[in-house]
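# Observations on the three-dimensional arrangement
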Amino acid sequence: MTTQFGPSYVRAIAPYVAGKPISEVAREFGLDEARIVKLASNENPLGMPESAQRAIAQAASELGRYPDSNAFELKAALAARYDVPPEWITLGNGSNDILEMAAHAFVERGQSIVYSQYSFAVYALATQGLGARHLVTPAVRYGHDLDAMLAAIADDTRLIFVANPNNPTGTFIDGAALEAFIARVPRHIAVVLDEAYTEYLAADKRYDSIAWVRRYPNLLVSRTFSKAYGLAGLRIGFAIAQPELTDLLNRLRQPFNVNTLAQAAAVAALGDTAFLEKSAALNAEGYRTLTAAFERMCLEYVPSDGNFVLVRMGTDDQAGDRVNLALLKQGVIVRPVGGYGLPQWLRVTIGLPEENAAFLAALERALA
Ligand SMILES: *Cc1c(COP(=O)(O)O)cnc(C)c1O
């Protein structure tokens, strides 16, 4: 008799597939690491801001001690920036940590979680990880169908995940529609609004979700330093919510979940508005370049408000993998999204101008 360890709902999980690291592609395809272009994980192509690098160098001497568990300095900076009490803030080891904590804090095994088809993979993983029920609503034009999500709410629903903009599709829900949705969610159900790409939004699309946190005690807004702030490797994100939700997260949070370097770098990056502006401008320019090229090449794409674009490689279910392989052989790493149920598509992160050009040249050859 074979012994099966672990609960069946854990065994049923398909592990998260991350974007391939540069070193792995270099080994696999016999390529020079320096010539590889990675546009696979929605990282900031400018890398880490210099302000954060300096903060890290200074903080390095403190690494013999544990981090500040309460992250006094960073919470004070965030509280001032968003005009909320520090007690409303929870820090995470990446916002991924926040999403996991939220699922475990708000939902019991067997209860249900609502999220949309083609939304961020971590919602499904977090749901499965605690043996909760998935209520997945069909996407509309690759984005969230908020009415369907409201209609899907069951008696045992305790959490709704909404990504805005969404990853991997880049779709965006405007602020008015989103607030109307939150207002209609029953107060005993937590809404986790995952805004990993909010810093990239054009001025006319911005909305003030922190004002909604003051209005709705069941709303938690999740943000990250991994994307526009350029700190993906440090792992740091944060949540803003009223004390009812925040207190629950704090019971589950690992005491030292955010390391010393990440805290120091985040304080510096938060104050570095010049870097954020430069990142957003570069992204907007790259978006125009990529989408203009896709139109020239007659490739369907989903209009995106993030730092990436979902683009269709063909009408057969091998198209994504086929083109992906042809790109890898040329040293260009993008993200296949078959795991999201989008096997005909690839997701490409918007890079530096020269990286976008290298990707487009490789794509032309791959499709020729
Ligand atoms: C990248 C991403 C995150 C998580 O990023 P962290 O690095 O864990 O902060 C969360 N949500 C969405 C939608 C993302 O794309």
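Within every chain, residues take consecutive numbers counted from 1 along the sequence as written. Only residues with pLDDT of 70 or above have their local features reported here, since the model is predicted, and side-chain atom pairs are shown and tallied only from 80 upward, although totals for entire chains, interfaces and linings are computed over all residues. To get the side-chain values, all heavy atoms of the structure are used, and hydrogens and water are removed first.

## Some thoughts on the nonpolar core
To keep it simple, the criterion reads: Here, the term nonpolar core denotes a set of buried Ala, Val, Leu, Ile, Met, Phe, Trp, Tyr and Cys residues that are joined through side-chain atoms within 4.5 Å. Categorising residues by exposure relies on relative accessible area from a 1.4 Å probe, with only protein chains included: less than 20% of the type maximum marks a residue as buried, more than 50% marks it as exposed, and the intermediate range marks it as partly exposed. Each helix corresponds to a stretch of at least 4 residues labelled H or I by DSSP, and each strand to a stretch of at least 2 residues labelled E; elements are numbered beginning at the N terminus. Whether two residues are in contact is decided by their heavy atoms, any of which lying within 4.5 Å being enough.
Among the nonpolar cores identified, the biggest contains 55 residues, and L78, L178, F181, L219, F225 and I240 are the most heavily contacted of them. Tallying contributions element by element places helix 11 (residues 260-270) first for this core, with 6 residues. Not counting the four nearest positions on each side in its chain, L219 is found in contact with I182, V191, L193, S209, W212, V213, I240, A241 and L245. Listed in part, the 35 residues of the second largest apolar core include A102, I113, L159 and V302.

## What to know about the domain arrangement of the protein
Basically, it comes down to this: Domain ranges listed in this record stem from an automatic or a database domain assignment. Once two parts are brought into contact, the accessible area they lose, counted with a 1.4 Å probe and summed over both, makes up the buried area. Put simply, a salt bridge is a Lys or Arg side-chain nitrogen that is within 4 Å of an Asp or Glu carboxyl oxygen. In protein, a polar contact requires one atom able to donate a hydrogen and another able to accept it; more generally it is a pair of N or O atoms within 3.5 Å, and residues adjacent in sequence count only if both atoms are side-chain atoms. Put simply, Ala, Val, Leu, Ile, Met, Phe, Trp, Tyr, Cys and Pro go in the nonpolar bin, Asp, Glu, Lys and Arg in the charged bin, and everything else, Gly too, in the polar bin.
Here the protein is partitioned into domain 1 (17-47 + 274-367) and domain 2 (50-271). Between domain 1 and domain 2, the contact holds 25 residues from the first and 23 residues from the second. Overall, the association of domain 1 and domain 2 removes approximately 1,900 Å² of surface from exposure, summing both partners, and the carbon and sulfur fraction of that is 61%. The tally of links between domain 1 and domain 2 comes to 1 salt bridge. Note that K205 and D305 form a salt bridge whose closest N and O atoms lie 2.9 Å from each other. Counting across the interface, domain 1 meets domain 2 through 7 residue pairs in polar contact (both at pLDDT 80 or more). For the side of domain 1 that touches domain 2, the secondary-structure elements that each account for two or more residues are helix 12 (273-296), strand 10 (308-312) and strand 13 (345-349). Sort the elements by how many residues they give to the side of domain 1 that touches domain 2 and helix 12 lands first, with 5 residues. Of the residues contributing to the side of domain 1 that touches domain 2, the split by class is 11 nonpolar, 10 polar and 4 charged.

## With respect to the UniProt feature "modified residue: N6-(pyridoxal phosphate)lysine" (unreviewed entry) in the protein
Applied cut-off: UniProt positions are given in the numbering used here, feature names are shortened, and annotations may be inferred rather than shown by experiment.
In this structure's numbering, the residues bearing the UniProt feature "modified residue: N6-(pyridoxal phosphate)lysine" (unreviewed entry) are K227. As for its placement among the helices and strands, K227 is situated in the loop between strand 7 (219-224) and strand 8 (237-241). Ignoring anything within four residues of it in the chain, the contact list for K227 reads S41, N42, N44, A196, Y197 and Y200.

## Examining the pattern of salt bridges
Evaluated as defined, the whole model comprises 10 salt bridges. For E24, the salt bridge identified is with K20, shortest N-O distance 3.2 Å. On the accessibility criterion, E24 (28% relative accessible area) is partly exposed. Note that D156 is salt-bridged to R133, the shortest N-O span being 3.0 Å. Taken together, the positions of D156 in the loop between helix 7 (146-152) and strand 5 (157-163) and R133 in strand 4 (residues 133-137) put the pair 23 residues apart, joining distant regions of the chain. R133 sits in the partly exposed class, given a relative accessible area of 38%. Through salt bridges with shared partners, one network takes in K20, E24 and E28.

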